[in-house]
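Read off the chains here:
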Amino acid sequence: MEPSSSVNAYPLPCPPNTNEDAKRKVEDEPMDEVIRVDWDGPNDPSNPKNWTFRQKWAATLVVSSFTFISPVSSSMIAPTFEQIAHHFEITSTVIIAMTTSVFVLGYAVGPLFLGPLSEIYGRSRVLQISNLFFLAWNIACGFAKSKNQLIAFRFLAGLGGSAPLAIGGGVIGDVWKAEERGQAIAIYSLAPLLGPVIGPMCGAWIAERSTYRWVFWATSIVDVMVQISGLFFLHETYAPFLLEKKAIQIREKLNIENEPRKEVRTIFDSDRTWKLIFSKALTRPFQIFAHEAIVQILGIYMAFVYGLFYLFLTTIPSIFNNIYHESSGIGGLNYLALGLGLFITSQVNGHYMDRIYGYLKNRNDGVGEPEFRLPTLVPGSLLLPLGLLLSGWGAEHKLHWVVVDIGLACVGAGVILVYQGIQMYVVDTFTLHAASALAAVSTLRALAGFGFPLFAPSMYATLGYGKGNTILACCAIGLGCPA
């Protein structure tokens, strides 16, 4: 199946994927007036796709580290609810849940402009400046004097922490070829899901042994180390930005040689003004979502899955503390079940994703298609409702805690299969503009991640864990199977 042709139905500041399309635009331009800047042959080492495997994995691991530490901070606060509620005298369950989920609301806003900005000013610069913004406000959360300050600081921290979720997929698309991306995207996409699992485990012990403020300060200390690694190992990967730097050097050389009449453009340049390029870049996520039905469908499904994920992150403490009467620290260890489901399935899927892609590509006369990334959605859409039913009815009937943990592992496996499949499809379809396309998908999923934990306490108090999770499982089947 060919990707929808509406990808190019609206004007873009850069052409889609190939250099050939860009070159056709200037076939009628006199060669003595326009100099086109391209890579120095197919094996140019300055092209990120020709970097050594060591350089590629360095960029991938650094981006994954950025993508890991921000979600850790998003959920690490969950086990400290009682401390925060007591300290700030919060009685509303919605406000208590909001102290966690408002961070994810920042994920809905940030990618809409950070993703496109990375396609103007480069991936590395935007990513590292945004991380410094996250670091500053995350530290400030530890010094908050009121619940309003805490909620505001958490939102601002989430705004800066959203950059890796929007830009990281673009970095993967920049440095890895389509048939090599499977393992890289497996590690990258695991980070934003494994982070929120590890965070509450650490937060539970901090809540038991210290004050909630160290939840923020501990993550800030780790983030400083991640920032330092980015300064050394995360080089710029965005091809149009790199070629524009090369074009600037050529323009300076021509000016020195008194040949300013020659116009120098990269193969990605058009004759549009910079103002138009800037406006189109910032509106591109909305345009992609408006024009692409497949992005809408998969975006809604991913939003539901992500919302379920954060719903579980905020309700696990109440299940094991209230039903199984475990302490905060011991109860937090049950997040390991969710984490094991995520980690094991992610690595198995990463190993076979490229094999499946290669097999389907060979069957298609050697032509790869983004749709070859979607088979993993099938087992994912089945494991997710299975995990919901197991964990919900296991807790409802107070079965052995292992039953609930098996359900959590199935939920984790289903979430990562769906997440990776959709991520890979979007990156393969919108390679050059992957950051903008991921921003469109990320906004929906972040809104769900913000909203689901807010209604969870009331839903479970009214229906119980069994019926509540049964309704969610039915919705998962209704959305997942058609998607």
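Owing to the predicted nature of the structure, the values given are computational and were not obtained by experimental measurement.

1. Examining the overall build of the protein chain
Broken down by element type, the protein chain carries 17 helices and two strands. Looking at the protein chain as a whole, 57% of its 483 residues are labelled buried. Taking contacts inside the protein chain between residues at least 6 apart in sequence as the whole, the part at least 24 apart equals 83%. In the structure as shown, the protein chain presents an accessible area of about 19700 Å², 65% of it carried by carbon and sulfur atoms.

2. Digging into the pattern of salt bridges
For the coordinates displayed, the defined rule picks out three salt bridges. One salt bridge connects E244 with R251, and the closest N-O pair in it is separated by 3.0 Å. Judged by relative accessible area, R251 falls into the partly exposed class, the value being 27%.

3. Things to note about the environment of Q83
Mapped onto the elements of the fold, Q83 is located in helix α3 (residues 81-88). Residue class for Q83 comes out partly exposed when judged on its relative accessible area of 25%. Between the C-alpha atom of Q83 and that of Y212, which follows or precedes it by 129 residues, the distance is 6.7 Å.

4. A closer look at the packing of helix α8 (residues 181-209) against helix α12 (residues 293-323)
One way to put it is that α8 packs onto α12 with a least axis distance of 10 Å and a crossing angle of 15°. The orientation of α8 with respect to α12, classified from their angle, is roughly parallel. Here α8 runs over α12; the crossing is right-handed. Here α8 contributes L193, P196 and V197 to the contact with α12, which in turn contributes Y306, F309, Y310 and L313. Counted by class, the contact of α8 with α12 contains seven nonpolar, no polar and no charged residues.

5. Quick look at the packing of α12 against helix α16 (residues 401-429)
Running from amino to carboxyl end, α12 crosses α16 at an angle of 155°, the nearest separation of the two axes being 10 Å. With respect to α16, the element α12 is oriented roughly antiparallel. You can see that α12 and α16 cross each other, and the crossing is left-handed. In this structure, α12 uses I294, L298, Y301, M302, V305, Y306, F309, F312, I316 and F320 to contact α16, whose residues at the interface are W401, V404, D405, L408, V411, V415, V418, Y419, I422, Q423 and Y425. Of the residues contributing to the contact of α12 with α16, the split by class is 19 nonpolar, one polar and one charged.

6. Description of the confidence of the model for the protein chain
Per-residue confidence for the protein chain gives a mean pLDDT of 81; residues scoring 70 or more make up 88%. For the protein chain, the element scoring lowest by mean pLDDT is helix α1 (residues 19-24), at 44; helix α5 (residues 123-141) scores highest, at 94. The model gives residues 271-275 a pLDDT under 50, and that stretch makes five contacts with residues more than four places away or in other chains.

7. Considerations on the environment of G160
With respect to the element layout, G160 can be found in helix α6 (residues 147-161). Sequence separation of G160 and F133 is 27 residues, and the distance between their C-alpha atoms is 5.3 Å. When near neighbours in sequence (up to four residues on either side) are disregarded, G160 contacts S130, N131, F133 and F134.

8. Quick look at the packing of aromatic side chains
Scanning all chains against the criterion turns up 16 aromatic pairs. On the numbers, 5.5 Å between centres and 85° between planes, the contact of F53 with W176 is edge-to-face. Placement of F53 in helix α2 (residues 53-75) and of W176 in the loop between α7 (163-175) and α8 is noted, with a sequence separation of 123 residues between them. The buried category is assigned to W176, whose relative accessible area is 1%.

9. A word on unusual backbone geometry
Although it is not a glycine, H325 adopts a positive phi angle of roughly 55°. For H325, the position within the fold is in the loop between α12 and α13 (328-332). With a phi angle near 55°, K398 is a residue other than glycine that sits in the positive phi range. Summarising the element assignment, K398 is placed in the loop between α15 (377-396) and α16.

10. Considering α15
The terminal C-alpha atoms of α15 lie 29 Å apart, and with 20 residues this matches the ideal 28 Å at 1.5 Å per residue to within 8%. Within the span of α15, buried status applies to L377, G380, S381, L384, P385, G387, L388, S391, G392, G394 and A395. Of the residues trailing α15, K398 is marked for its positive phi of about 55°.

11. Structural notes on the side chain of S162
In this structure, S162 sits in the loop between α6 and α7. Residue S162 is classed as buried on the basis of its relative accessible area, which comes to 0%.

12. Section: α7
Helix length check: α7, at 13 residues, gives a terminal C-alpha distance of 18 Å against a target of 18 Å (1.5 Å per residue), a fit within 8%. A large share of α7 lies buried, amounting to 13 of its 13 residues.

13. Remarks on the side chain of D174
Here D174 shows up in helix α7. Classification of D174 as buried rests on a relative accessible area of 7%. Residue contacts for D174: discarding those within four places in its chain leaves P48, K49, R123, T237 and Y238.

Parameters and conventions
- Residues numbered from 1 in each chain as written.
- Predicted model: local features only at pLDDT ≥ 70, side-chain atom pairs only at ≥ 80, totals over all residues.
- Heavy atoms only, no water.
- Helix = DSSP H or I, 4+ residues; strand = E, 2+ residues; numbered from the N terminus.
- Buried < 20%, exposed > 50% of the residue type's maximum accessible area, 1.4 Å probe, protein only.
- Contact = heavy atoms within 4.5 Å.
- Areas by Shrake-Rupley, 256 points an atom, 1.4 Å probe, with all protein chains shown as cover.
- Salt bridge = Lys/Arg side-chain N within 4 Å of Asp/Glu carboxyl O.
- Axes fitted to C-alpha atoms, helices over the stretch in contact; angles between N-to-C directions.
- Parallel < 35°, antiparallel > 145°, perpendicular 65-115°, else oblique.
- Left-handed = near helix turned anticlockwise from the far one by under 90°.
- Nonpolar A, V, L, I, M, F, W, Y, C, P; charged D, E, K, R; others polar.
- pLDDT = per-residue confidence, 0-100.
- Phe/Tyr/Trp six-rings, centres within 6.5 Å; stacked < 30°, edge-to-face > 60°.
- Expected span 1.5 Å × (residues − 1).

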